[in-house]
Amino acid sequence: MKEALLTMARTMPWYFPTVAFIFGACIGSFLNVCIYRIPAGKSVTRPGSRCVCGKAIAWYDNIPILGWFILRGRARCCGQAFSFRYPAVEILTGALFLACWLRAPDLPTALAWMLFTSMLICATFIDLDTMTIPDRFSVGGFVAGIVLSAFIPGLHSVDGLRLTGFESLLSSIQGAFIGTALIYWIMIVAEIALRRPAMGEGDVKLMGAIGAFCGWQGAVFALFGGAVLGTVAVVSWGLTKLILGKGLGGLPPGDNAEELAKAVLPGAAGGDDDVPEGAMPFGPALAGGALLYMLLASGYVSDYFSQISWLFLRNR
Ligand SMILES: [Zn+2]
């Protein structure tokens with residue numbers, strides 16, 4: 001069996017990456033359901049997919065990615081437009097699962113990364129929609145990360161370094177503690193400086209999950225890299241809105257600073273009572289930073305930290 005799979009991987013190098021992408025697209029289809037139903041307190045398994053008009057959606061109209069394009073974004077039953085976000089989440093999940101497959105050191109690690117990626121995608125879109133991250137993704141990720149780390153040392157084996165299950169478990173716990181402590185500290189300082197809450201409890205819990213899966217280096221990278229990513233995303237979104245004006249539902253172009261601030265800070269113009277003025281979700285930025293670390297940057301980041309510590313511990 002194992003030999004047959006290895007032969008397949010050798011003779012058809014595209015086969016397993018393609019399977020990883022399609023598997024991701026199918027999971028992405030389920031994540032769409034989670035993203036819409038969990039904040040509304042509905043079951044994610046029952047009933048099956050339904051159109052807003054109440055009719056059940058047939059399986060052949062519900063094929064990940066393709067379904068949306070075949071129907072050109074409109075429901076077959078009533079012509080209601082479906083958001084492009086549905087296929088976008090499926091494509092994103094497929095692409096990230098493909099990256100997990102290509103970058104993970106072994107199969108168990110790839111599967112654990114896929115689980116964590118799925119949790120981050122749900123946390124990201126729910127946070128964008130509602131400014132909250134449900135505990136089942138943040139606290140759930142924290143628990144899953146610690147438990148899986150004990151059995152899958154590949155999660156913390158950066159740069160081909162081989163860890164035992166116990167060492168991997170320690171890395172995970174250490175990551176969760178350093179991650180939450182760091183963001184909690186920043187949250188308190190930011191709250192004093194800005195005189196309003198800057199980050200939520202959900203962000204602290206999400207950092208626990210990120211540290212549990214990615215270790216302390218990943219947590220540090222996600223926090224600071226995420227702040228950079230978030231700033232770039234917010235500024236470019238604001239500028240796009242300014243340039244395209246009403247086309248994106250934003251404010252018309254104007255040259256006074258107040259209008260610029262309103263366009264750059266989504267929610268600044270909103271009047272939601274629960275959400276402080278000018279607030280924006282930080283979870284998506286943290287999730288982006290964590291994925292960047294896990295799938296691309298972990299090698300460079302651990303090199304950087306080991307060189308830094310070498311500077312201070314030269315006599316070791
Ligand atoms: Zn319909």
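Residues numbered from 1 in each chain as written. Predicted model: local features only at pLDDT ≥ 70, side-chain atom pairs only at ≥ 80, totals over all residues.

S.K.: I would appreciate a short explanation of the nonpolar core in the present structure.
M.R.: Note on soluble globular proteins: their nonpolar side chains tend to be buried together. Counting 61 residues, the largest nonpolar core has Cys100, Cys122, Ala123, Ile210, Ala222, Leu286 and Ala290 as its most contacted members. Looking at this core, the elements with two or more residues in it are helix H2 (15–37), helix H4 (85–103), helix H5 (107–130), helix H6 (135–151), helix H7 (165–194), helix H8 (201–244) and helix H10 (283–312). With 13 residues, the single largest contributor to this core is H8. Two domains each donate at least three residues to this core, and these are domain 1 (1–103) and domain 2 (132–316). Filtering out sequence-adjacent residues up to four positions away, Ala123 remains in contact with Ile133, Phe137, Ser138, Leu206, Gly283 and Ala287. (Core = buried A, V, L, I, M, F, W, Y, C linked by C-beta atoms within 7 Å. Buried ≥ 20, exposed ≤ 12 C-beta atoms within 10 Å, placed from the backbone. Helix = DSSP H or I, 4+ residues; strand = E, 2+ residues; numbered from the N terminus. Domains from an automatic or database assignment. Contact = placed C-beta atoms within 7 Å.)

S.K.: Looking at this model, I keep getting lost on H4. Mind explaining?
M.R.: For an α-helix, 3.6 residues make a turn, and residues three or four places apart therefore share a direction. Its 19 residues give H4 an end-to-end C-alpha distance of 26 Å, which sits within 8% of 27 Å, the value for a rise of 1.5 Å per residue. Looking at H4, one finds that the buried residues are Tyr86, Pro87, Val89, Glu90, Thr93, Gly94, Leu96, Phe97, Leu98, Ala99, Cys100 and Trp101. (Expected span 1.5 Å × (residues − 1).)

S.K.: Would you explain unusual backbone geometry in this entry?
M.R.: Excluding glycine, residues mostly carry a negative phi; peptide bonds, for their part, are mostly trans. Cis geometry marks the peptide bond from Arg46 to Pro47; its omega dihedral reads -5°. By secondary structure assignment, the location of Pro47 is in the loop between H2 and helix H3 (66–70). In this model, Arg72 sits at a positive phi of 50°, which is unusual for a non-glycine residue. Of note in this structure, Met131 is not a glycine but carries a positive phi near 65°. As for its placement among the helices and strands, Met131 is situated in the loop between H5 and H6. Judged by C-beta crowding, with 19 C-beta atoms within 10 Å, Met131 ranks as partly exposed.

Spatial relationships are all this shows, so hold off on functional conclusions.
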